[in-house]
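Breakdown of the fold
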Protein chains: 2
Amino acid sequence: MKLQQLRCIYEVVLNSFNISSAAKTMHTSQPGVSKQIQLLEEEIGVKIFQRHGKRLVGLTDPGAKVFESISEIIRESRNIKNITAEYENNNEGKFTIATTHTQARYKLPKVVETFVKKYPKINLNIHQGNPSQVTEQILKGEADVGIATETIGVNDKIFCIPCYSWNRSLVMPKGHPLEQEESITLQHLASYPLITYDYAFTGSTIVSKVFKEANVEPNIMLTAIDADVIKTYVNLDLGIGLIAEMAFDKEKDRDLIAKDVSHLFPVSTTFIGIRQDTFVRTFTCDFIRMFIPHMTDHELKIILQKRQI
Amino acid sequence: MKLQQLRCIYEVVLNSFNISSAAKTMHTSQPGVSKQIQLLEEEIGVKIFQRHGKRLVGLTDPGAKVFESISEIIRESRNIKNITAEYENNNEGKFTIATTHTQARYKLPKVVETFVKKYPKINLNIHQGNPSQVTEQILKGEADVGIATETIGVNDKIFCIPCYSWNRSLVMPKGHPLEQEESITLQHLASYPLITYDYAFTGSTIVSKVFKEANVEPNIMLTAIDADVIKTYVNLDLGIGLIAEMAFDKEKDRDLIAKDVSHLFPVSTTFIGIRQDTFVRTFTCDFIRMFIPHMTDHELKIILQKRQI
DNA sequence: TCGGTTTACGAGGATCGTAATAATA
DNA sequence: TATTATTACGATCCTCGTAAACCGA
């Protein structure tokens with residue numbers, strides 16, 4: 001059993017069972033990957049992949065179990081690279097952030113700008129996804145940190161730090177009847193077509209809960225994964241939009257009106273999460289500090305000490 | 001980075017930084033191991049081992065961190081072997097039990113006999129150690145199951161099943177003043193030199209607690225790791241012995257008297273533990289069932305389902 | 001001097017790439 | 001037919017073992 005063979009299997013699975021594609025991401029030849037997989041399967045005496053003729057179509061039953069172990073091994077080998085890179089050279093390496101659209105679009109740019117200036121040699125990646133994908137990526141070690149709202153906190157393998165809280169804003173075209181309304185209620189929202197985040201998305205479960213508890217049935221005409229799309233449809237006068245407050249830009253969204261509705265929904269909190277029992281590089285800590293300015297160095301140190309290095 | 005290199009480092013650490021000894025356990029040559037370590041250190045650009053001249057004397061700071069990851073990788077690679085062996089051939093493989101002396105000596109033999117008859121091709125190993133070593137071995141995957149009293153339960157990575165409860169017996173030479181005593185008290189125990197298990201050992205912490213709470217100071221003249229040693233010294237009339245009830249054998253210990261003291265100490269419970277998130281082979285489950293006869297198949301099934309396979 | 005580690009070196013294997021073949025959708 | 005997996009094959013690299021040199025206690 002060789003690490004390279006495990007890597008091959010790992011990449012083939014990640015590339016939807018396409019050996020050619022896996023070979024490309026590994027910068028090696030197709031036959032090489034194919035061969036290594038065969039060699040391992042022969043050695044362990046068990047087929048890892050289900051095949052339709054020559055095509056790989058999935059994992060076998062034992063293959064699925066083996067793949068779990070392989071994922072852990074790949075994660076730990078990445079961890080070793082991180083550890084050694086840290087001791088060898090402080091300012092080189094790869095840094096991957098998994099995050100949701102809202103963060104990537106409205107909160108990260110400023111921080112990333114500072115970060116890139118400070119660590120020009122770091123290869124920065126941002127993986128955008130929904131909260132459960134963010135969690136997944138942290139768990140698998142594919143991302144060094146994850147930023148999302150609430151969902152990442154549930155897993156006890158992830159260490160979470162609250163970053164900031166935010167409220168929701170209602171956006172509508174200029175001249176909309178609600179523009180003059182002093183105190184907006186859930187009933188108001190329910191009486192217009194509503195456009196908001198996809199229900200799998202951050203905080204929206206809170207939104208649906210609020211409606212349900214008030215026994216008000218909203219007329220959700222469209223859900224989107226990002227505020228830009230929502231605002232676009234609001235602009236077309238297809239309904240009113242419910243978005244995160246930071247997603248409204250007074251200057252850029254000149255044609256729209258935003259009204260605070262924090263009295264209707266509880267605040268949401270955004271967390272930054274890292275995987276427990278994983279080595280944390282200096283620049284990762286630094287990134288966290290940049291992202292959470294309200295945190296004092298003292299508080300951060302306590303967290304860092306907990307997480308050793 | 002190659003698996004073989006990680007294995008070399010792993011074995012060198014386990015062999016107290018002796019490359020020659022590691023090479024022997026790996027059935028390979030000394031220079032080969034040395035070379036592989038050098039190659040890895042060169043590749044990652046960090047020294048794993050502290051050296052005094054040519055001798056390896058310990059892990060460096062980054063080396064210690066890397067070693068943790070290596071241990072995980074080795075554990076997972078063993079796991080892969082278990083999974084595939086299970087699917088390939090049900091009745092071959094290696095089965096390691098980590099346990100304390102009392103279990104190994106008085107409870108295991110009968111079970112092991114049955115087990116070996118049923119699985120003659122399984123390579124059975126018993127690692128004897130103190131409870132914390134047992135826990136360690138389960139965690140590192142060096143043992144498939146661990147049997148000990150109480151201490152293994154504390155770690156949440158270990159899944160524990162209670163096996164049976166036991167009380168303590170007081171052993172003394174024939175003709176000892178306490179032989180005729182109807183109701184033995186802590187004061188009685190304290191008035192003679194006491195010989196019992198090493199304090200780090202199973203249940204003895206309970207014993208010391210009982211004495212402390214009763215504000216009685218026992219006169220502990222000797223502690224041993226196994227009941228045979230204790231009984232030997234009791235035979236020499238050096239004191240009275242406090243041992244697990246199953247450690248007394250009426251026939252073999254003809255020269256001694258055992259008196260139940262369950263009214264003085266709370267019962268202890270022995271647990272069998274396996275590591276969470278690790279593949280469990282059929283024969284391992286079977287062993288557990290043999291060890292816990294009071295458990296019905298139905299109950300075991302529930303446990304097995306939880307632990308998948 | 002002895003136990004232990006590294007160097008040197010050569011044989012045997014393994015890996016990887018190209019090219020060709022086979023099979024699937 | 002086009003995409004994808006396997007076979008074939010050869011060059012290169014790597015691993016491993018023996019022998020020898022080297023170092024420390």
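Just so you know, these numbers come straight off a predicted model, no measurement behind them. (Residues numbered from 1 in each chain as written. Chains lettered and ligands numbered in written order. Predicted model: local features only at pLDDT ≥ 70, side-chain atom pairs only at ≥ 80, totals over all residues. Heavy atoms only, no water.)

1. Notes on the nonpolar core
Within the largest apolar cluster, 56 residues are counted, with the highest numbers of intra-cluster contacts made by A:Leu6, A:Ile9, B:Leu6 and B:Ile9. Mapped onto this core, the elements with two or more residues apiece are α1 (3-14), α2 (19-25), α3 (30-44) and α4 (61-88) of chain A together with α1 (3-14), α2 (19-25), α3 (30-44) and α4 (61-88) of chain B. One finds B:Phe95, B:Val171, B:Cys285 and B:Met290 within the second-largest nonpolar core, a separate group that totals 41 residues. (Core = buried A, V, L, I, M, F, W, Y, C linked by side-chain atoms within 4.5 Å. Buried < 20%, exposed > 50% of the residue type's maximum accessible area, 1.4 Å probe, protein only. Helix = DSSP H or I, 4+ residues; strand = E, 2+ residues; numbered from the N terminus.)

2. Observations concerning the relation of the copies chain B and chain A
For the pair chain B and chain A, the relating rotation is 180°, the translation along its axis is 0.1 Å, and the fit reaches an RMSD of 0.1 Å. The superposition operator between the copies reduces to a two-fold rotation axis. Of the interface residues in chain B, 100% have counterparts in chain A that sit at the interface too, so the contact is made through matching surfaces. (Least-squares fit on C-alpha atoms with pLDDT ≥ 70 in both. Contact = heavy atoms within 4.5 Å.)

3. A short note on the sheet that holds strand β6 (residues 158-166) of chain A
All names here are of chain A. In space, the five strands of this open sheet follow the order β4-β3-β5-β12-β6, with mixed pairing throughout. The open sheet has two edge strands with one neighbour each: β4 (122-128) and β6. Going from strand to strand, the sheet's axes swing by 20° on average, the running direction of each strand aside. In terms of strand pairing, strand β3 (residues 93-99) meets strand β5 (residues 145-149) through three bridges, oriented parallel. (Pairing = 2+ DSSP bridges. Axes fitted to C-alpha atoms, helices over the stretch in contact; angles between N-to-C directions.)

4. Here we look at the protein's contact with DNA strand D
Near DNA strand D lie 21 residues; those nearest to it are A:Ser20, A:Ser34, A:Lys54, B:Lys2 and B:Thr28. Among all atoms of DNA strand D positioned within 4 Å of the protein, those belonging to sugar or phosphate total 74%. Between DNA strand D and A:Lys54, the relevant distance is 2.9 Å, taken from a sugar or linking oxygen to a main-chain nitrogen or oxygen of the residue. Contributing elements (two or more residues each) for the surface near DNA strand D: α2 and α3 of chain A together with α3 of chain B. (Near = heavy atom within 4 Å. Polar contact = N/O pair within 3.5 Å; in protein donor to acceptor, adjacent residues only side chain to side chain.)

5. Notes on the protein's contact with DNA strand C
Taken together, the neighbourhood of DNA strand C is formed by 22 residues, with A:Thr28, A:Arg55, B:Ser20, B:Gln30 and B:Ser34 sitting nearest. Within 4 Å of the protein, atoms of DNA strand C come from sugar and phosphate in 67% of cases. Separating a phosphate oxygen of DNA strand C from a side-chain N or O atom of A:Thr28 is a distance of 2.5 Å. Elements with a contribution of two residues or more to the surface near DNA strand C: α3 of chain A together with α2 and α3 of chain B. Among the elements that take part in the surface near DNA strand C, α3(B) stands out by supplying four residues, more than any other. A per-class count over the surface near DNA strand C returns five nonpolar, 11 polar and six charged. (Nonpolar A, V, L, I, M, F, W, Y, C, P; charged D, E, K, R; others polar.)

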